[in-house]
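What follows is each chain in one-letter form.
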Amino acid sequence: MKFHFVFLSDAPVCRDNQTKILISAAVAVGTLATATLAYLHAKKTNDPIPAKWKKVGEITDLNCFPVASCAPIKRKSFDCHKLGVQLESLFDRSFIVTRNDKQVIGQHCPNLVLIQPKVDGNNLILSAPGRSDFVLDLAKLRKESNRTKIDCKHTQVLGVDAGDPVGDWLSEHVGDEPGAIRLIFYPYNYPTKGVPERDRKYKDLKDEDVGTFHGKSSFMLINQKSIDELNSKLDQMVKPLQFRPNFLVQGPEAFDEDTWKWVRIGENVVFRVVRPCNRLATCIFRMSASTRLVQRRLYARVRQRTG
C-alpha cells in the first residue's frame, strides 16, 4: 500500500450552483456510476459521476493558503473554484515567494511559515512576529500588465511582481538582501501552466486541474487516521497541517483514501481524485518554532511502512 494523500479536482456538477464547503460537512465516496446523471460532464471526460454514495466521514478542518509556504487562513466554510479554495477575491496559492525567478518554499526559508496572511476586501495583509504589518493593495496589483516568468514546480508560470516594498519586507523577514525576495501574484482566473511532463503518468490529471501556483492540483485532502498511522511509526510526531491540506477528513480508516476515485463533500461539491500527494518534506521543520529538524529517518520509516 502506498503512503499518500489525495489530490482532488472539482467536477462541475453542483446541482444548484452552490460551491460552499463547511466544517462538519459529510464526506462521501462514490460507489456506483451511471451515465445518465453524468451525461453533460461525461461528454468532456468520458468518466461518469457516481449516482450512489457512501458516507465515510466529515470535514474537521478547512485551510486556504493565499500565499504559498506561509500560514493558512482557517474558516468554517469556503467556496470552491476550478483554481482551488476561494477566499473573498483570492484563491488558494494566489501568491508565491521567489528568489531569482524561482519559487522559494518553506523547507528553504522556514521563517515563511510564520507569516500570517489576511484578506480584508481589496487588501492582503501580511503579519509576522516582531514586524509591522504590510498591506498590499490588490486592486492596484490587478491593474498591472507586466508579467514575470517564474519557475514553479517543474514548470513555468507567468505572474505579476507585487513590487519592491513588499519584496523588501519579505527579504528582511527571511534575513536576505533587500529586494532579493519577491512576491508574485497569479493574475488569471483559469489554470495556465498545464501538467508537468513528469506528472503526465497520472492519466486522470488534466491541464485544467493544476490550479494557480499549486504543486500538483487545485485541491488537497488528507485523512486524519492516515496521519495517526504515520505517527505510530515516527519518533517525532507530525500534524496534518504540516502537509498543507485544504481539507482534513475524520472518519475513514488509515489509507482508505488510496482507493477513492470520487469524493463528495456536503450535498453539492463533487471532486475527482486525480493523483496521490507525495508531499513529505514539509514535515522536517517545526511550524511553531521555525526550527529545522534533522530527521532523515522520516523518509526511511515511511518507506518501511509502505514497502
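Residues numbered from 1 in each chain as written. Predicted model: local features only at pLDDT ≥ 70, side-chain atom pairs only at ≥ 80, totals over all residues. Heavy atoms only, no water.

### A word on the packing of aromatic side chains
This model, assessed by the stated rule, comprises eight aromatic pairs. The structure contains a cluster of three or more aromatic residues connected by ring pairs, namely Tyr 186, Tyr 188, Tyr 190 and Phe 213. The cationic tip of Arg 131 hangs over the ring face of Trp 169; the distance from NZ or CZ to the ring centre is 4.7 Å. (Phe/Tyr/Trp six-rings, centres within 6.5 Å; stacked < 30°, edge-to-face > 60°. Lys NZ or Arg CZ within 6 Å of the ring centre and 35° of its normal.)

### A look at the pattern of salt bridges
Taken as a whole, this structure holds twelve salt bridges when the rule is applied. Note that Arg 99 is salt-bridged to Asp 176, the shortest N-O span being 2.9 Å. Residue Arg 99 is located in strand β9 (residues 95-99), and its partner Asp 176 is located in the loop between α3 (164-174) and β16 (181-185); the two are separated by 77 residues in the primary sequence. In this structure Arg 99 comes out as partly exposed when scored by relative accessible area, which is 29%. The shortest N-O distance in the salt bridge between Lys 216 and Asp 199 comes to 3.3 Å. Within this pair, whereas Lys 216 is found in the loop between β16 and β17 (219-223), its partner Asp 199 is found in the loop between β16 and β17, the two being separated by 17 residues in sequence. Looking at Lys 216, the relative accessible area reads 16%, which means it is buried. Taking relative accessible area as the criterion, Asp 199 reaches 4% and is therefore assigned buried. Through salt bridges with shared partners, one network takes in Asp 161, Asp 164 and Arg 182. (Salt bridge = Lys/Arg side-chain N within 4 Å of Asp/Glu carboxyl O. Helix = DSSP H or I, 4+ residues; strand = E, 2+ residues; numbered from the N terminus. Buried < 20%, exposed > 50% of the residue type's maximum accessible area, 1.4 Å probe, protein only.)

### Re α3
Note: α-helices contain 3.6 residues per turn, so residues at a spacing of three or four share the same orientation. All buried positions along α3 are accounted for by Val 166, Gly 167, Trp 169, Leu 170, Ser 171, His 173 and Val 174. Check the buried side of α3 and you find it contacts β9, β12 (123-127), β13 (134-137) and β16. Remark: Gly 175 follows α3 within two positions and exhibits a positive phi of approximately 80 degrees. (Contact = heavy atoms within 4.5 Å.)

### Some points on helix α4 (residues 224-231)
Every buried residue of α4 is listed here: Gln 224, Ser 226, Ile 227, Leu 230 and Asn 231. For α4, the angular spread of the buried residues around the axis is 160 degrees, confining them to a single face. Here α4 starts with a cap whose side-chain oxygen sits 3.2 Å from the backbone nitrogen of Lys 225, and that cap is Asn 223. (Arc of directions from axis to C-beta. Polar contact = N/O pair within 3.5 Å; in protein donor to acceptor, adjacent residues only side chain to side chain.)

### Re the sheet that holds strand β11 (residues 116-120)
Read from one edge of the open sheet, three strands run β11-β12-β13, paired in antiparallel fashion. Looking along the sheet, the strands with just one partner apiece sit at the ends: β11 and β13. Neighbouring strand axes in the sheet, compared pairwise and without regard to direction, differ in orientation by 20 degrees on average. Taken together, the five bridges between β11 and β12 define a ladder with antiparallel strand orientation. (Pairing = 2+ DSSP bridges. Axes fitted to C-alpha atoms, helices over the stretch in contact; angles between N-to-C directions.)

### What to know about the sheet that holds strand β6 (residues 77-81)
One open sheet accounts for four strands, arranged β2-β6-β7-β8; its pairing is antiparallel. Of all the strands in the sheet, the pair left with one neighbour each is β2 (20-22) and β8 (90-91). With three bridges connecting them, β6 and strand β7 (residues 84-87) associate as antiparallel partners. Bridge pairing links Cys 80 to Val 85 in β7.

### Observations regarding the environment of Thr 259
With respect to the helices and strands, Thr 259 occurs in the loop between β18 (247-250) and β19 (262-265). Here Thr 259 falls in the exposed class, since its relative accessible area comes to 68%. Each C-alpha atom of the pair Thr 259 and Val 273 lies 9.4 Å from the other, and the pair is 14 residues apart in sequence. There is a polar contact of 3.0 Å between the side chain of Thr 259 and the backbone oxygen of Asp 256.

### Quick notes on unusual backbone geometry
Its identity is not glycine, yet Ser 69 carries a phi of approximately 75 degrees, on the positive side. Position of Ser 69 relative to the elements: it lies in the loop between β4 (50-64) and β5 (73-74). In this structure Ser 69 comes out as buried when scored by relative accessible area, which is 12%. One non-glycine residue, Asp 101, lies in positive phi territory at about 65 degrees. Mapped onto the elements of the fold, Asp 101 is located in the loop between β9 and β10 (102-103). Owing to a relative accessible area of 41%, Asp 101 belongs among the partly exposed residues under this scheme.

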